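# Secondary and tertiary structure notes
This is what each chain is made of:
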Amino acid sequence: MRKLTLYARVILASAEMSVRETMTDGFVVFGIFVQPLIIALLGLWMLRDRGGDYGIFVVVGSGLTGLWSSLLFISGNSITHERWTGTLETLVGVPTPMGVIVLGKNLANVLQSIGSMAVSYLLASLLFGYPLTVAQPIQFVISLFLTVVAFVTFGLVIAPIFVMNPDVQRWQNGLEFPIYILAGFLFPIALLPGWTTPISYLLAPYWAAQALHLTSSGGGTSGEISIAWGMMLLFSLVYVLLSRTLFRVMLRKARSEATLGLE
Amino acid sequence: MRSVTLNIRLFFQGALLSYVALFRWLSPMTYLASKVLMPLAQILFFSFLGMYATGQANASFYVIGNAIQLAAVSGIFGVTMSIGGDRWEGTLPYLFGTPANRMAMFVGRAFFHVLDGMVGVVLALMWGVLLLGLDLSHANPLALGLTILVATFSTSGMGLLLGCISLITLNVMFINNTVYFSLLVFSGANVPLSTLPAWMQSVAWALPLTRSIAAARQIIAGGSLAEVAPLLWMEVLIGAIYILAGYFLFRWFERQAKLRGTLDIF
Amino acid sequence: MAPLNAIEVRNLRRIYRTTIGVIRRRVKEVVAVDDISFDVAPGELFGLLGPNGAGKTTMVKMLTTLLIPSAGTARVLGFDVVDQADPIRPRIGFIFGGERGLYWRLSAIDNLRYFASLYHVEPEIARKRIPYLLELVRLDGRGQEKVEGYSRGMKQRLHVARTLLHDPELLFLDEPTIGLDPIGARELRQVIRNLQSEKKTILLTTHYMFEADALCERIAVIDHGRIVALDTPEGLKRHVRDLSVIELEVYGIPPELLDVLRALEVVEAVTVENRDQKQAVLVQSPGGSEAVPEILAALSGLRVGKVIVREPTLEDAYVRLVGGEVEP
Ligand SMILES: Nc1ncnc2c1ncn2[C@@H]1O[C@H](COP(=O)(O)OP(=O)(O)O)[C@@H](O)[C@H]1O
Ligand SMILES: [Mg+2]
């Protein structure tokens, strides 16, 4: 129990620290705010002919693009970033498990991205005058919560993988738009060739998009929504279990190969 | 005469330098991926979004727009990188200490990226043909090639200007990314310009790419070189204006830095 | 039961493997720590002294659980550094010399608050302890400023404050004064003396002889990963008490001649120092001035200027132990 309080405190401290540290970082500000806002603007314009109902669809979808990009580039680099700062050795040497620290940092990113979704909501309603109503507010909030959980835990999986394979990291650019497409953030995956559908089903972002779109735009049956929620929970669980192993392997590897520092 | 050969040599050395610098950043495999796969993902995303919005029939509108837009990847990111690189490497004071012709030094840096950008656009159009049913059978190849050249030239001009700004500000990537994404809106790659508010249309016509994209669409629809010539000439002019602006900013920056002794800080 | 020794190192080794070459990859092995054993008693200030590359940092990283030894064992506060890292971490503090390892965009206080929570320091305790620590490392009044504006010395002192947040019983200070100007280094040494008076166990590494002499109760001199001497500062000086140092002024000397000197019966160690246009060959010899003719004979043909015979200093003791290649 005491351990839980301690860890909760570390998570909050890491999140706060991460926000403070990245607030002035142009790269982060762009990834979290500018890029999703431009995509929202573009989406609103492009989908304008489809009528006002698409306002909320674009707001949610562009918000998801921001969530994914910041997860990929910022959370994915969170351990590598500490290595550059020279703080990684200290972080490994503290009594708090590394995963707890990374969790706090991921939480900050994901919450910041959700914040940017709120900004694009305002933009759409004020600038474009769309009536932005959320069809099922309570279910939407639950979906949002599960989305946060799924993305934060996914961040726990990619950070150690990216650190251990510098080459993977260089390919992260190549993971950005394909997920936008396959997860159906801004258009239904029905537009895509059929063989891609199973891939989508294996992506937590797809289920997040599914749950958020269904509960905000409306039209989803409670069965569909429950499946999306269940899949997100399932993936989160898998990610947490996977990340425990990954962190153990990563730390062991770093301690035996002396790769904590930059030298 | 001697000065001409000197400047030509300087020009190609700059070109070579930025070429080498690019490959130090990216391994050949990653370069290939960034040249072949990444553009595909971006084109697919916006084309699907566009088709979802306005129907399958309009696919080529989005494919062409986004393919030409890719010229900006080399033009903006590549060029700023090769100029900003000096700042990170700390070689700026040495450059400013040389008697070299600044214009040759400066434009040489952009040269390789123009070639690189053209390859990118051609590959992107190939993807369009292969995957999204783009039909190039009516296009005049010479006119299309010229349009691609002009598009990369003018975005590289913009890249030079941004590169000089990057010597002054710290957040290079922030500016570059923002400009690149804004071009997705303003260049007409994804929205017909006529549907934008008047002030946005005026901005659009002052930017590179807008005319190239319009010209490329006309050519692919069967238009002749003569029909798009006015667009292309204007695009060249715009590129030249950006290069000049960048050049003067560079000179101004050099003078300021020498006056205030801030060469090392930047 | 409290362990008898704060640190127990037995036959510790660490080998680094690096691959060199891009096309024809070859594996290169460096033995950074080679079969080292020593103990540190609770409350002791123990020094590891050695030139750059001797293996000091590698040693400290293994003892702070950040690096896994290739062979041998090490126990810190009674716990094994490989398998029992968890109980060790809250009880120790460590700093690696240099200014990296802090969040430069944050203020000193924010840095300290963050690390306090990572070390599980209760918030109320941290609130009281941070101002106290800032005062201890003479950063009081500067705590709100961003670390990026700090001088190198201030950053290194902030590291000291950082590592004291959780009041560890055992401290590892790896070249804490590296790169500081003489005044900054003196201030930091004063801080270390204060810690010593608080009865903390400290393992300090340095490549400055005088620093080890001024601070440490016992010194292990290491070179090429091995301990070449382990004694009190006085004991180390005794190593050279029976020797004299003969300084010969020369104008360039071929390396073969140095080897000829080293081979002489009356010569214990030879080093060369650059002095403006000239060089000084420092020869340690038990014979004193009586050895001078033999040495000059060995150098016949070489132009030799002034010759001085003097008493050895601590520096000479160090030189004798680690061979000729130390920096002045
Ligand atoms: N991560 C590493 N990979 C390969 N070799 C290393 C690494 N770290 C240190 N070394 C080598 O190990 C030796 C000891 O280094 P180090 O422990 O840093 O010495 P010191 O701290 O005494 O200067 C040196 O030869 C150094 O080059
Ligand atoms: Mg060291």
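Our structure is the block above this text.
What counts, and where the lines are drawn
- Residues numbered from 1 in each chain as written.
- Chains lettered and ligands numbered in written order.
- Predicted model: local features only at pLDDT ≥ 70, side-chain atom pairs only at ≥ 80, totals over all residues.
- Heavy atoms only, no water.
- Helix = DSSP H or I, 4+ residues; strand = E, 2+ residues; numbered from the N terminus.
- Contact = heavy atoms within 4.5 Å.
- Core = buried A, V, L, I, M, F, W, Y, C linked by side-chain atoms within 4.5 Å.
- Buried < 20%, exposed > 50% of the residue type's maximum accessible area, 1.4 Å probe, protein only.
- Buried area = accessible area lost by both parts, 1.4 Å probe.
- Salt bridge = Lys/Arg side-chain N within 4 Å of Asp/Glu carboxyl O.
- Polar contact = N/O pair within 3.5 Å; in protein donor to acceptor, adjacent residues only side chain to side chain.
- Nonpolar A, V, L, I, M, F, W, Y, C, P; charged D, E, K, R; others polar.
- Pairing = 2+ DSSP bridges.
- Near = heavy atom within 4 Å.
- Areas by Shrake-Rupley, 256 points an atom, 1.4 Å probe, with all protein chains shown as cover.
- Expected span 1.5 Å × (residues − 1).

## Focus on the side chain of C:T58
- Residue placement: C:T58 occurs in helix α1 (residues 56-63).
- For C:T58, the contacting residues outside a window of four places in its chain are C:R14, C:Y16, C:A32, C:V33 and C:L67.

## Concerning the nonpolar core
- Of all hydrophobic cores here, the largest spans 235 residues; its most connected members are C:I7, C:F38, C:L63, C:F172 and C:L203.
- It is helix α7 (residues 137-164) of chain A that contributes the most residues to this core, 15 residues altogether.
- Here C:L63 is in contact with C:I7, C:V9, C:F38, C:A74, C:V76, C:V81, C:I92, C:F172 and C:L203, once residues within four sequence places are set aside.
- The next biggest cluster of nonpolar side chains, apart from the first, holds 17 residues, and it includes C:V250, C:L258, C:A291 and C:I295.

## Focus: the interface of chain A and chain B
- Contacts between the two partners involve 30 residues from chain A, matched on the other side by 31 residues from chain B.
- Both faces combined, the contact of chain A with chain B buries some 3,000 Å², and carbon together with sulfur accounts for 82% of it.
- Linking chain A to chain B there are zero salt bridges.
- Linking chain A to chain B there are zero residue pairs in polar contact (both at pLDDT 80 or more).
- Of all elements in the fold, only α2 (26-46), α3 (54-75) and α9 (173-182) of chain A reach the threshold of two or more residues within the side of chain A that touches chain B.
- For the side of chain A that touches chain B, the element with the most residues is α2(A), which contributes 11 residues.
- Residues that form the side of chain A that touches chain B fall into these classes: 22 nonpolar, five polar and three charged.

## Let's talk about the sheet that holds strand β1 (residues 7-20) of chain C
All names here are of chain C.
- As summarised here, the arrangement of the four strands in space is β2-β1-β4-β5, forming an open sheet in which the pairing is antiparallel. Because the sheet does not close on itself, it has two edges, and the strands there are β2 (26-40) and β5 (79-80).
- Pairing of strand β4 (residues 71-76) with β5, which is carried by two bridges, proceeds in the antiparallel orientation. What sits directly across from V76, in β5, is F79.

## As for the site of ligand 1
- Neighbouring ligand 1 are 13 residues; C:G53, C:G55, C:K56, C:T57 and C:T58 lie closest to it.
- The local environment of ligand 1 is shared, drawing residues from chains A and C.
- C:K56 is positioned with one of its backbone polar atoms (N or O) 2.8 Å from an oxygen atom of ligand 1.
- Residue C:T58 places a side-chain N or O atom 2.5 Å away from an oxygen atom belonging to ligand 1.
- For ligand 1, the protein covers 70% of the area, taking 560 Å² as the surface of the free molecule.
- The biggest single contributor to the shell around ligand 1 is α1(C), with three residues.

## Brief notes about the interface of chain C and chain A
- If you look at the interface, chain C gives 32 residues, while chain A gives 35 residues.
- Both faces considered, chain C and chain A share a buried interface measuring about 3,100 Å² in area, 56% of it formed by carbon and sulfur atoms.
- Counting the surface chain C buries against chain A, the share from its top three residues, C:Y103, C:R105 and C:H120, is 20%.
- Remark: the boundary between chain C and chain A carries five salt bridges.
- The salt bridge involving C:E122 is made with A:R2; its shortest N-O contact spans 3.2 Å.
- Where chain C touches chain A, the interface holds 17 residue pairs in polar contact (both at pLDDT 80 or more).
- Secondary-structure elements contributing two or more residues to the side of chain C that touches chain A are β1, β6 (92-96) and α3 (108-118) of chain C.

## Regarding helix α12 (residues 222-257) of chain A
- Between its terminal C-alpha atoms α12(A) stretches 51 Å, which fits the 52 Å expected from 36 residues at 1.5 Å a residue.
- The first or second residue beyond α12(A) is A:A258, which carries a positive phi of 60°.

## Thoughts on the pattern of salt bridges
All names here are of chain C.
- Applying the stated rule across the entire model yields 23 salt bridges over all chains.
- R113 is the partner of D110 in a salt bridge, and the nearest nitrogen-oxygen pair spans 3.3 Å. Highlighted residues: D110 and R113, both in helix α3, separated by three residues, approximately one helical turn.
- On the accessibility criterion, D110 (13% relative accessible area) is buried.
- R113 gets classed as partly exposed once you look at its relative accessible area, which sits at 37%.

## Structural notes on the environment of A:G63
Residues and elements named next belong to chain A.
- Relative to the helices and strands, G63 resides in helix α3.
- In this structure, the C-alpha to C-alpha distance between G63 and E257, residues 194 residues apart in sequence, is 40 Å.
- Those residues in contact with G63 that sit more than four places away from it in its chain are V58 and M117.

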